[in-house]
Amino acid sequence: MRLLTHNMLKCHVKNCTDPDKQYPLRFKDVQIEQIEYEPNEEFLVRMLPRLDWTALVKTAKDLNIAIPDS
C-alpha cells in the first residue's frame, strides 16, 4: 500500500469508535518495499491539499522512513 493511500484510510468497523484508533490506521508486521518512480507533478499538486501531513509524518516515522516534518 502506498503511504498516500494509507493517509486517507480510517477504521470503519462498528466497534471502532475511539477517534485515536480510527485514524491514522497503524501498520503492524509489515514488509516495506521502496519503488522508485518518475514524479507526476500534476498528481502531486492535486493530492497535497488532501493530505494530513501530521499523520503521514507519524506513519513514516513508525516505519523508519525519513520525510520532513513540514
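Residues numbered from 1 in each chain as written. Predicted model: local features only at pLDDT ≥ 70, side-chain atom pairs only at ≥ 80, totals over all residues. Heavy atoms only, no water.

Colleague: Can you walk me through the overall build of the protein chain in this structure?
Modeller: Per the secondary structure count, the protein chain includes four helices and zero strands. Secondary structure elements in the protein chain, listed N-terminal to C-terminal, are α-α-α-α. Across its three principal axes, the protein chain shows a C-alpha extent of roughly 40 × 25 × 20 Å. Taking all 70 residues of the protein chain together, 20% fall into the buried category. Considering only contacts in the protein chain between residues 6 or more positions apart, those separated by 24 or more positions represent 50%. Total accessible area on the protein chain stands at roughly 6,300 Å², and carbon and sulfur atoms take up 53% of it. Put simply, the protein chain has 10 plus and 11 minus side-chain charges, and the middle of one group is 10 Å from the middle of the other. (Helix = DSSP H or I, 4+ residues; strand = E, 2+ residues; numbered from the N terminus. Buried < 20%, exposed > 50% of the residue type's maximum accessible area, 1.4 Å probe, protein only. Contact = heavy atoms within 4.5 Å. Areas by Shrake-Rupley, 256 points an atom, 1.4 Å probe, with all protein chains shown as cover. Lys, Arg positive; Asp, Glu negative; His and termini not counted. Charge placed at Lys NZ, Arg CZ, Asp CG, Glu CD.)

Colleague: Can you walk me through the pattern of salt bridges in this structure?
Modeller: For side chains bearing opposite charge, pairing can occur when the charged atoms are close. Under the criterion given, the structure shown has three salt bridges. Between arginine 46 and glutamate 42 there is a salt bridge; the shortest N-O distance is 3.1 Å. A residue pair is termed a helical-turn pair when its members lie 3 or 4 positions apart in one helix, as arginine 46 and glutamate 42 do in helix α3 (residues 41-47) at four residues. With relative accessibility at 57%, the residue glutamate 42 sits in the exposed group. For aspartate 69, the salt bridge goes to lysine 61, with nearest N and O atoms at 3.1 Å. Using a relative accessible area of 52% as the deciding quantity, one classes aspartate 69 as exposed. According to the relative accessible area criterion, lysine 61 is partly exposed, its value standing at 48%. (Salt bridge = Lys/Arg side-chain N within 4 Å of Asp/Glu carboxyl O.)

Colleague: When you look at the confidence of the model for the protein chain in this model, what are you seeing that I'm missing?
Modeller: Caution is warranted with low-pLDDT regions, since their predicted coordinates should not be read in detail. Mean pLDDT for the protein chain: 81, with 96% of residues reaching 70 or above. The spread of mean pLDDT over the elements of the protein chain runs between helix α2 (residues 19-22), the lowest at 70, and α3, the highest at 90. (pLDDT = per-residue confidence, 0-100.)

Colleague: It is not clear to me how a nonpolar patch on the surface should be interpreted in this structure. Could you clarify?
Modeller: On the surface, Phe27, Val30 and Ile32 cluster together into a nonpolar patch covering about 250 Å² of accessible area. Checked against the element boundaries, phenylalanine 27 lands in the loop between α2 and α3. On the basis of relative accessible area, phenylalanine 27 is assigned to the partly exposed category, the value being 31%. (Patch = residues over 30% accessible without salt bridge, like charges linked within 9 Å, V, L, I, M, F, W, Y side chains within 5 Å.)

Colleague: How do you make sense of the side chain of threonine 59 when you look at a structure like this?
Modeller: Among the secondary structure elements, threonine 59 is positioned in helix α4 (residues 53-62). For threonine 59, a relative accessible area of 5% puts it in the buried group. Once residues lying within four places of it in the same chain are set aside, the contact partners of threonine 59 are Leu3, His6, Pro24 and Phe27.

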